[in-house]
Amino acid sequence: MITAKNLKRIYTMGLVQVHALNGVSIDIGTGEFVGITGASGSGKSTLLHILGLLDDPTEGEIMIGGEDVLGFSDSRKGRFRLRKFGFIFQDYALVPELSALENVILPAIARGIPLPEARASGGEYLDRVELSARRDHLPAELSGGEQQRVAIARALVNNPDVLFADEPCANLDSTNSRKVLDLFRQINEELNQTVIMVSHEDWHREYFDRVIRLRDGKIEHEETL
Amino acid sequence: MFENLRVSVFLAARALQRGGRGRVLMNIIVIAFVFTNMIFLPSVISGAVETYNVQTIDFMTSDIVIGPRENERYIEDADTLLGRVNRIPGVVRASARFSMPASIDFKENSVSIEVKAFDPRDEVEVTRIHEYMKDGNYLGSGDRDEILLGVLVTGHEDTSQDFYESLGGAAVGDVVTVRYANGIVREYRIKGIVQTTSYIADYMAFVTADEMDAVLGGAEPNTRATEILIKATDDADLHALKRMILSFGVGEEVKTWEDATSDIVAESVESFNIINNITIIGSLIIAVVVIFILITIKTFTNRKQIGILKAIGIQKSVIINSYVMQVFFICTFGIILGLLLLEGMVLYFTAFPIEFPDGTVTPIVDVGMLIENTLLLYLASAVAGFIPAWRITNEKILDAMRGA
Ligand SMILES: Nc1ncnc2c1ncn2[C@@H]1O[C@H](COP(=O)(O)OP(=O)(O)O)[C@@H](O)[C@H]1O
Ligand SMILES: [Mg+2]
């Protein structure tokens, strides 16, 4: 599904160069639930962003579904993300001017799904994350856990091939964290969606098929569970 | 294409609904004022020009005016010319005028003026002076020892209130002494006083053509004229009519009222147009700056949101369009509000016209100008909204998402 070779990402800050990624190669199969762990600053987010086509590597190549995606134009990358990827960020990243339901259906209507259909499937996903009662609330009126569940529904609405999640539970208590992870597990199993999730909580391991541990921008350890 | 527009509309609508309604309302009001400003002054100036033009036709030149040939003082054989002009299709009536310099004395006051003579039966068909009698009556065709004076000629008893030399408040029935340039001195009873709103028309003195014949004292009635005023039918094309008059072998100077309008007036209309253009450009600059600031602030505070939208896979153009649509919304309602304001102002000033030294002015809103300025405002605002939106959407996704 995703094959990345020798990914490097160098940030230049004045005279200092930070090697956020320093030669990472990775192979992720369809339907895998992959955990990326490592200390803070080890390059987890950078890797996730590059695999998710949100950032370009300084060096290296990425093939997704047999396509050399790094050669795509920005707008083609955008369309690719819209159709094939779902994203969940640590800080939820909801659009504050849109209600819960509107946030969820935005990727669907951007894909051209007719509004009634988009609303119906958006409603189903909100149901799934147990937020039907809050569909018309704005993000500011929701708790952190609720916002993250809205973000998950949004990430799922286009039925993506790959779900990218960057520390989705970092701001949640353990009950809410479990809800989120159970949901990931379910969709991964039911729909055979690939899930790539960054986490530095040890107990999350029980959900992963495979764990990749980074250290200083390199893979330190890889383990199939 | 259609899908993209749909998403832009969706984002724009929610942003307007939930992204600071107060600010949106304030911007609508600013655009309304800008629009009103763009239209109102030009409409007053159009109104002033129109007032002047109507006065010129009604009191000064009628539709077409014939003057003497170059280097000549008189139109010779005016009776024959009059007969000929009166037969041209499209001509309602022609009136010959003969003027002679004179001084008019009343008590200790004296006014130097050209006394104009006409046949009242012709004159009432070509000018509207007779409809503006302040006092007394208009001249009748047989009148011999009577004179018609403009209100500025008779003036006030306290002459310091008069702008020109005046007769110090002479009234209908008073007798004035007229000393003509040819030496003839006559006594006339003031038959009527004219007040037209045009200060040029109100500084005139008229006697009948019969009286002027007597003043000139020839054996035959006078056949000369200093000008011939021609009233055309309402639907007549004045330029075509002028050409026709010339083709009938009239060798004199033939001018439409527009040709006859002095260069000074043409020049002041020109200066007014420059002022109008400056007003419009100034208004547009205000609109551009306001919209630019609005969208710059909006896109800057929405940096993170724009990053999120791009991360999800919403196209840049969709995001930019959503901001341009918000601008269009603000413009549309601003212009509608501006039109209402304008309509209110026009209604007000139609009921209570603006008093100008040379008559009263009602603003005239030109539809062409309205459309042109509306389009200009849209265009300027679209550009002013597009640029900041375009700048922010070009930011890298992750940089934007980290932003506030
Ligand atoms: N935009 C940036 N500019 C400069 N340095 C960055 C930037 N983003 C990340 N880094 C650096 O790259 C390294 C890896 O960062 P990141 O991938 O965010 O780590 P993690 O997610 O594992 O905590 C860190 O040293 C971080 O300081
Ligand atoms: Mg991170």
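Thresholds, definitions, all that
Residues numbered from 1 in each chain as written. Chains lettered and ligands numbered in written order. Predicted model: local features only at pLDDT ≥ 70, side-chain atom pairs only at ≥ 80, totals over all residues. Heavy atoms only, no water. Helix = DSSP H or I, 4+ residues; strand = E, 2+ residues; numbered from the N terminus. Rg over C-alpha atoms; globule rule 2.2 N^0.38 Å. Buried < 20%, exposed > 50% of the residue type's maximum accessible area, 1.4 Å probe, protein only. Contact = heavy atoms within 4.5 Å. Areas by Shrake-Rupley, 256 points an atom, 1.4 Å probe, with all protein chains shown as cover. Lys, Arg positive; Asp, Glu negative; His and termini not counted. Charge placed at Lys NZ, Arg CZ, Asp CG, Glu CD. Pairing = 2+ DSSP bridges. Buried area = accessible area lost by both parts, 1.4 Å probe. Salt bridge = Lys/Arg side-chain N within 4 Å of Asp/Glu carboxyl O. Polar contact = N/O pair within 3.5 Å; in protein donor to acceptor, adjacent residues only side chain to side chain. Nonpolar A, V, L, I, M, F, W, Y, C, P; charged D, E, K, R; others polar. Core = buried A, V, L, I, M, F, W, Y, C linked by side-chain atoms within 4.5 Å. Domains from an automatic or database assignment. Phe/Tyr/Trp six-rings, centres within 6.5 Å; stacked < 30°, edge-to-face > 60°. Lys NZ or Arg CZ within 6 Å of the ring centre and 35° of its normal.

## Some thoughts on the overall build of chain B
Then, number 1: The secondary structure content of chain B amounts to 13 helices and 12 strands.
Then, number 2: Scaling as 2.2 N^0.38, a compact globule of 404 residues should have a C-alpha radius of gyration of about 22 Å, whereas chain B reaches 32 Å, well beyond that.
Then, number 3: Its C-alpha atoms give chain B principal-axis dimensions of roughly 105 × 50 × 30 Å.
Then, number 4: When the 404 residues of chain B are sorted by exposure, 49% land in the buried category.
Then, number 5: Within chain B, contacts between residues separated by at least 24 positions form 76% of all contacts whose residues are at least 6 apart in sequence.
Then, number 6: Put simply, chain B shows about 19,300 Å² of open surface, and 59% of that area lies on carbon and sulfur atoms.
Then, number 7: Separation between the mean location of the 34 positive side-chain charges and that of the 50 negative ones in chain B comes to 18 Å.

## Re the overall build of chain A
Then, number 1: Broken down by element type, chain A carries six helices and 10 strands.
Then, number 2: For 225 residues, the compact-globule estimate of 2.2 N^0.38 gives 17 Å, and the C-alpha radius of gyration of chain A, at 17 Å, lies within 12% of that figure.
Then, number 3: Taking the principal axes of the C-alpha coordinates as reference, chain A spans close to 50 × 40 × 40 Å.
Then, number 4: Relative to its full complement of 225 residues, chain A shows a buried share of 53%.
Then, number 5: At a minimum sequence separation of 6, the contacts of chain A that also span at least 24 residues come to 68%.
Then, number 6: Roughly 9,500 Å² of accessible area belongs to chain A as shown, and the carbon and sulfur atoms make up 45% of that amount.
Then, number 7: Computed over 25 positive and 34 negative side-chain charges, the separation of the two mean positions in chain A equals 3 Å.

## Overview of the pairing of strand 2 (residues 16-28) of chain A
Then, number 1: As defined by bridge partners, strand 1 (residues 2-13) of chain A adjoins strand 2 of chain A across 10 bridges and the pair is classed as antiparallel. Across the sheet, residue Met13(A) finds its bridge partner in strand 2 of chain A, namely Val16(A).

## Focus on the interface of chain A and chain B
Then, number 1: Taken together, the contact pairs 29 residues of chain A with 23 residues of chain B.
Then, number 2: Note on chain A versus chain B: buried area summed over both sides is about 2,300 Å², and carbon and sulfur give 62% of it.
Then, number 3: Contact with chain B buries area across many residues of chain A, yet Glu97(A), Leu106(A) and Ile109(A) alone supply 26% of it, more than any other trio.
Then, number 4: Among the ionic pairs, Glu102(A) bridges to Arg18(B), the shortest N-O distance being 2.7 Å.
Then, number 5: Applying the counting rule to chain A against chain B returns 10 residue pairs in polar contact (both at pLDDT 80 or more).
Then, number 6: Secondary structure elements with two or more residues in the side of chain A that touches chain B: helix 2 (74-84) and helix 3 (100-110) of chain A.
Then, number 7: Residue composition of the side of chain A that touches chain B, by class: 17 nonpolar, five polar and seven charged.

## Some details on the nonpolar core
Then, number 1: Core analysis: the largest hydrophobic core is formed by 120 residues, its most contacted members being Ile2(A), Leu7(A), Leu47(A), Leu106(A), Phe164(A), Phe184(A) and Leu377(B).
Then, number 2: When residues no more than four places from it in sequence are discounted, the contact partners of Leu377(B) are Ile31(B), Val34(B), Phe35(B), Met38(B), Leu284(B), Ala287(B), Cys331(B) and Ile335(B).
Then, number 3: Val111(B), Val115(B), Ala117(B) and Ala170(B) belong to the second largest nonpolar core, which has 27 residues in total.

## Re the domain arrangement of chain B
By a widely used convention, the size of an interface equals the accessible area lost when the partners come together.
Then, number 1: You can read the domains of chain B as domain 1 (2-56 + 265-402) and domain 2 (69-251).
Then, number 2: In this structure, domain 1 of chain B and domain 2 of chain B have C-alpha centres spaced 52 Å apart.

## Examining the packing of aromatic side chains
Then, number 1: Under the definition given, this model contains 18 aromatic pairs over all chains.
Then, number 2: Ring centres of Tyr348(B) and Phe352(B) lie 5.1 Å apart, and the angle between their planes is 45 degrees; on these two criteria the pair is classed as tilted.
Then, number 3: On the basis of relative accessibility, which here comes to 46%, the residue Tyr348(B) falls in the partly exposed class.
Then, number 4: Among the aromatic residues, those joined into a cluster by ring pairs are Phe72(A), Phe80(A), Phe85(A), Phe87(A), Phe89(A) and Phe164(A).
Then, number 5: Taking NZ or CZ as reference, Arg76(A) lies 3.8 Å from the ring centre of Phe72(A), over its face.

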